[in-house]
Amino acid sequence: MGIGGIQMTVIAPVTEAKRKLLELARQAGDLGKTIMLTRRGKPYVVMMSASEYESIQETLEILSDPEAMASLEKSKEDIQAGRLVSWKDLKLEPLSSLV
């Protein structure tokens, strides 16, 4: 991940990427950069670490699950309404009493 949680993107033409593939793969895999490869000056392919890709896939899976999204919306409503349980109280109470 980049500075302050912002992902840094490297932009390179495909022809340059052929010569620098190992270096670009290191930047994506080890340094967390996203590599945007261009063809004829237009975005063509993106290279990123496997963990970043998996994270995006998991996020898309959650966002496409109506039940998960409804649960998240209910949680937001509970927070806004002040229906919260402190960590201390949670540790002291059996889970069955909170449902």
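So, a few notes on the structure that sits alongside this text. (Residues numbered from 1 in each chain as written. Predicted model: local features only at pLDDT ≥ 70, side-chain atom pairs only at ≥ 80, totals over all residues. Heavy atoms only, no water.)

Points about the nonpolar core
Within soluble globular proteins, side chains that are nonpolar generally end up buried alongside one another.
Line of reasoning, step 1. In this structure, Ala12, Ala17, Leu24, Ala28, Ile35, Leu37 and Met47 together form the largest nonpolar core, which totals seven residues.
Line of reasoning, step 2. Secondary structure elements with two or more residues in this core: α2 (21–29) and β2 (34–39).
Line of reasoning, step 3. Ignoring anything within four residues of it in the chain, the contact list for Ile35 reads Val10, Leu24, Gln27, Ala28, Val45, Val46 and Met47. (Core = buried A, V, L, I, M, F, W, Y, C linked by side-chain atoms within 4.5 Å. Buried < 20%, exposed > 50% of the residue type's maximum accessible area, 1.4 Å probe, protein only. Helix = DSSP H or I, 4+ residues; strand = E, 2+ residues; numbered from the N terminus. Contact = heavy atoms within 4.5 Å.)

Some points on unusual backbone geometry
Line of reasoning, step 1. Backbone geometry places Arg40, a non-glycine residue, at a positive phi of 55°.
Line of reasoning, step 2. Secondary-structure assignment places Arg40 in the loop between β2 and β3 (42–47).

Concerning a nonpolar patch on the surface
Line of reasoning, step 1. The grouping of Ile56, Leu60, Ile62, Leu63, Met69 and Leu72 at the surface amounts to a nonpolar patch, some 500 Å² of accessible area in total.
Line of reasoning, step 2. Taken together, the elements giving at least two residues each to the nonpolar patch come down to α3 (50–63) and α4 (66–80).
Line of reasoning, step 3. Per element, the largest residue contribution to the nonpolar patch is four residues, and it comes from α3.
Line of reasoning, step 4. Mapped onto the elements of the fold, Leu63 is located in helix α3. (Patch = residues over 30% accessible without salt bridge, like charges linked within 9 Å, V, L, I, M, F, W, Y side chains within 5 Å. Areas by Shrake-Rupley, 256 points an atom, 1.4 Å probe, with all protein chains shown as cover. Salt bridge = Lys/Arg side-chain N within 4 Å of Asp/Glu carboxyl O.)

Let's talk about the sheet that holds β2
Neighbouring strands of a sheet are bound in pairs by backbone hydrogen bonds; such pairs are parallel or else antiparallel.
Line of reasoning, step 1. Ordered by their spatial adjacency, three strands build an open sheet running β1-β2-β3, and the pairing between neighbours is mixed. The strands lining the two open edges of the sheet, one partner per strand, are β1 (9–13) and β3. When strand polarity is set aside, the average angle formed by the axes of neighbouring strands in this sheet is 30°.
Line of reasoning, step 2. Taken together, the five bridges between β1 and β2 define a ladder with parallel strand orientation. Across the sheet, Thr9 pairs through a bridge with Thr34, a residue of β2. (Pairing = 2+ DSSP bridges. Axes fitted to C-alpha atoms, helices over the stretch in contact; angles between N-to-C directions.)

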